[in-house]
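Observations on chain architecture
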There are 2 protein chains.
Amino acid sequence: MNKQSLDAGEVLRNKCREANLKITPQRTIIFDALVNDKGHPTADIVFQRVRKKIPNISFDTVSRTLLSFVDMGLLKVVEGHGRPKRFDTDLDSHHHFQCLKCNKIIDFCNTGFDALEIPKEIKSRFTVTGKKVVLEGLCDSCKR
Amino acid sequence: MNKQSLDAGEVLRNKCREANLKITPQRTIIFDALVNDKGHPTADIVFQRVRKKIPNISFDTVSRTLLSFVDMGLLKVVEGHGRPKRFDTDLDSHHHFQCLKCNKIIDFCNTGFDALEIPKEIKSRFTVTGKKVVLEGLCDSCKR
DNA sequence: TTGACAAATAAGAATTATTCCTATATAGTA
DNA sequence: TACTATATAGGAATAATTCTTATTTGTCAA
């Protein structure tokens, strides 16, 4: 039984139990707002989305919850130059192209990049949990 | 005649002329504070360093100057998770390991990584100016 | 089911990093 | 040397995030 066969609620409940965190309506609704979001939302985008369900939720709760989801391994923070932190719900191996002008991040897949070996001298000194090729330059809209 | 054989002042003067920017003492001293810095200083670190030479320089001038150096191709902004923006004076191809806990960035070289080919579908859509492998995890101090 | 308690939340204040504004100073040049 | 556009200092403003505190709410054990 893999993740895909569990519904979103069950994934969240399992992860919360593992991490000894309570299953609150806020956490549930924030998680729902992220499922199938293949973009790279900021905390504020998620906040606006969740407010439609819980009008008086605070930004702090959204921000704190997103960071706890990162700790729980449900999300990643996108590396990048931009100021508002961006989150990534896609936990599968993929790579990024970031536009230096508009800060847009474009995901792409590449099996050659996925297969890169971590150098021995790095593996022996550090615990490596993520690996990604980051390309930068100008996107199609900005290069004109 | 390559860059290495020019002294720092001359590199800066040439770049400023190219960009039609004036050669001010502030720019000169900020540039001097960066030469041979193989760390990844924040604007504030540079500000503290430069204040020893120009006690009443403003943070804004340092920040603005660093960003203009990025535009001029004298520096790069480090991709990464941390909040204070970090600058990189090493323009040669290298790769990064970033600690998720302390946000420290460790440079490493790897000729295999340097040789990675940009996928055709990316090269045809975008202008790619940078390429780097980014590893993340826990550094030696934080993994305990 | 209820009560107790630790954890989570809302609201707003505080902090942190960066950028903007404006009056003054200065580099480049004619 | 004088002119002009650019750069700077200083402080205010903005933006993003995190902290503080009083209150509320899951969870668990009786």
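Attention here is on the structure that accompanies the text. (Residues numbered from 1 in each chain as written. Chains lettered and ligands numbered in written order. Predicted model: local features only at pLDDT ≥ 70, side-chain atom pairs only at ≥ 80, totals over all residues.)

**Digging into the relation of the copies chain B and chain A**
Rotating chain B by 180 degrees about the axis while translating it 0.0 Å along that axis superimposes it on chain A, leaving an RMSD of 0.2 Å. Here the two chains are linked by the operation of a two-fold rotation axis. (Least-squares fit on C-alpha atoms with pLDDT ≥ 70 in both.)

**Notes on the pairing of strand E3 (residues 95-99) of chain A**
All names here are of chain A. Here E3 lies mainly inside the structure; 5 of its 5 residues are buried. Side-chain alternation along E3 places His-95, Phe-97 and Cys-99 on one buried face and His-96 and Gln-98 on a second face that is also buried. Here E3 pairs with strand E4 (residues 105-108) via 4 bridges, running antiparallel. Bridge pairing in E4 links His-96 to Asp-107. If you look at the hairpin formed by E3 and E4, you'll find 5 residues sitting between the two strands, and Asn-103 has a positive phi there, around 65 degrees. Of the pairings in the sheet, the one linking E3 to strand E5 (residues 127-138) comprises 4 bridges and is parallel in character. (Buried ≥ 20, exposed ≤ 12 C-beta atoms within 10 Å, placed from the backbone. Helix = DSSP H or I, 4+ residues; strand = E, 2+ residues; numbered from the N terminus. Pairing = 2+ DSSP bridges.)

**What about the packing of helix H2 (residues 25-34) of chain B against helix H4 (residues 59-72) of chain B?**
All names here are of chain B. Put simply, H2 and H4 touch, their axes get as near as 10 Å, and they point 70 degrees apart. Between H2 and H4, the angle is such that the two are roughly perpendicular. Residues Gln-26, Arg-27 and Ile-30 of H2 form the contact with H4, whose own contacting residues are Thr-61, Val-62 and Thr-65. (Axes fitted to C-alpha atoms, helices over the stretch in contact; angles between N-to-C directions. Parallel < 35°, antiparallel > 145°, perpendicular 65-115°, else oblique. Contact = placed C-beta atoms within 7 Å.)

**Side note on the protein's contact with DNA strand C**
If you check the shell around DNA strand C, you find 26 residues, and the closest are A:Gln26, A:Thr61, B:Ile23, B:Asp60 and B:Lys85. Broken down by secondary-structure element, the contributors of at least two residues to the surface near DNA strand C are helix H2 (25-34) and helix H4 (59-72) of chain A together with H4 of chain B. Of the residues contributing to the surface near DNA strand C, the split by class is 9 nonpolar, 9 polar and 8 charged. (Near = placed C-beta within 6 Å. Nonpolar A, V, L, I, M, F, W, Y, C, P; charged D, E, K, R; others polar.)

**Digging into the protein's contact with DNA strand D**
Lining the immediate surroundings of DNA strand D are 26 residues, of which A:Ile23, A:Asp60, A:Lys85, B:Gln26 and B:Thr61 lie closest. Within the residue set of the surface near DNA strand D, elements represented by two or more residues are H4 of chain A together with H2 and H4 of chain B. Across the surface near DNA strand D, the residue classes tally to 9 nonpolar, 9 polar and 8 charged.

**With respect to the nonpolar core**
B:Ile30, B:Val46, B:Val50, B:Val62 and B:Leu66 are the most contacted members of the largest nonpolar core, which totals 18 residues. Residue assignment for this core shows that the elements contributing at least two residues are helix H1 (8-19), H2, helix H3 (43-51) and H4 of chain B. Beyond its immediate chain neighbours, meaning those up to four positions away, B:Ile30 contacts B:Val46, B:Val50, B:Val62 and B:Thr65. A:Leu34, A:Val46, A:Phe47 and A:Leu74 belong to the second-largest nonpolar core, a separate cluster that totals 17 residues. (Core = buried A, V, L, I, M, F, W, Y, C linked by C-beta atoms within 7 Å.)

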